[in-house]
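Fold and contact review
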Amino acid sequence: MSSSKRVWTVLSMLEWATGYFEEKNVHSPRMSIEWLLADVLQVKRLDLYLQYDRPLSVEELDKIRPMVKRRASHEPLQYITGYTDFMSATFRVTPDVLIPRPETEQLVEIVLEQFRDQSTAPVSLLDIGTGSGCIPVSIKKTYTEWYCAGMDISAKALQIARENAAANETKIDFFEADLLNIQNHSDISGRNWDIIISNPPYITNDEKDALDPQVIDFEPALALFHDSPVILYKKIAEFAASQKASLFLEINNSLVQDIHDTIASLYKTVNQACDLDGNKRFIIAGKPV
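Residues numbered from 1 in each chain as written. Predicted model: local features only at pLDDT ≥ 70, side-chain atom pairs only at ≥ 80, totals over all residues. Heavy atoms only, no water.

1. Brief notes about the nonpolar core
We apply this condition: Here, the term nonpolar core denotes a set of buried Ala, Val, Leu, Ile, Met, Phe, Trp, Tyr and Cys residues that are joined through side-chain atoms within 4.5 Å. Only protein chains enter the calculation, and the probe is 1.4 Å; a residue is then buried if its accessible area is under 20% of its type maximum, exposed if over 50%, and partly exposed in between. Numbering of helices and strands runs from the N terminus; a helix is a DSSP stretch of H or I covering at least four residues, while a strand is a stretch of E covering at least two. Residue contacts are defined here by distance: any two heavy atoms, one from each residue, within 4.5 Å place the two residues in contact.
Core analysis: the largest hydrophobic core is formed by 35 residues, its most contacted members being Leu 126, Ile 128, Met 151, Ile 188, Ile 196, Leu 247 and Ile 263. Put simply, the parts of the chain that give this core at least two residues each are strand S3 (124–128), strand S4 (147–152), helix H11 (229–242), strand S7 (246–250), helix H12 (256–264), strand S8 (267–274) and strand S9 (280–288). Per-element tally for this core: the top contributor is H11, with seven residues. Non-local contacts of Ile 188, meaning those with residues more than four positions away in its chain, are made with Leu 126, Met 151, Phe 175, Ala 177, Ile 182, Trp 193 and Phe 239. Of all hydrophobic cores here, the second largest spans 28 residues; its members include Ile 135, Ile 139, Ala 165 and Phe 174.

2. Comments concerning the pairing of S9
Put simply, the rule is: What makes two strands pair is DSSP finding at least two bridges between them.
Inspection of the sheet shows S7 paired to S9 by four bridges, in the antiparallel sense. Residue pairing for S9: Leu 249 is matched across the bridge by Ile 283. Direction of pairing for S8 relative to S9: antiparallel, over a ladder of seven bridges. Residue pairing in the sheet places Val 270 in a bridge with Ala 285 of S9. Between S8 and S9, which pair antiparallel in sequence order, lie five residues; one of them, Gly 278, sits at a positive phi of approximately 85°.

Coordinates in, geometry out; function isn't part of it.
This is how it looks when you write it as structure tokens:
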């Protein structure tokens, strides 16, 4: 991509970069350059179509050039721009945190709907494996009277989560803790939780090869992979049951029956729910045994 002599416009950049990304087998090539160019120009993606003939300045070209190069290597758009939208809020993301997915938005919506009648009650919610903090921050923004907290084993992830809570003007407590030793963390085990929610690492190492390069090469392995995800779900469910808390989980579709059976040994009521693609993606449990 040369900026000498040629006058680059919004349209010519869209067309050139789309073709370039197609050559590099980048997922969603047109959307990728729209996302990057909208970020550089500080406009909405749809607004790009209202200014096709707008020339790009030297400064704008200097900004877009390295971004295009990074995207061509399959780096996620959210890491390139440094942010993503989730539940109508903006969250900072870095390679230290998993990029929030639409499925996780659906999990949050399930919680909000199920507890609609208790939206102003003194409910306590803990998000296990909070990452960017998108779950407790989004819930706290909606049900402001709730006490919401998040825990994670990664100190770097928790720093991002705290920044996101502050940026979204929500008060969230974040704890650095290991799920496998959660009972030893007094700030967590010493409190009564009404809701436990979690999107833990649920991809097995055997499933790695099936993932898109932008996932496996860039997102944090600690938040994605585990030798035996069912073990993590069991630890989460055991803690939630000990608290007599309602349990909301995002799950691996390929492990749904094993996870369901594990939860059913601890809870009387266990339900499954599908994501928007029809995959069994969530487990909701109440009334511990």
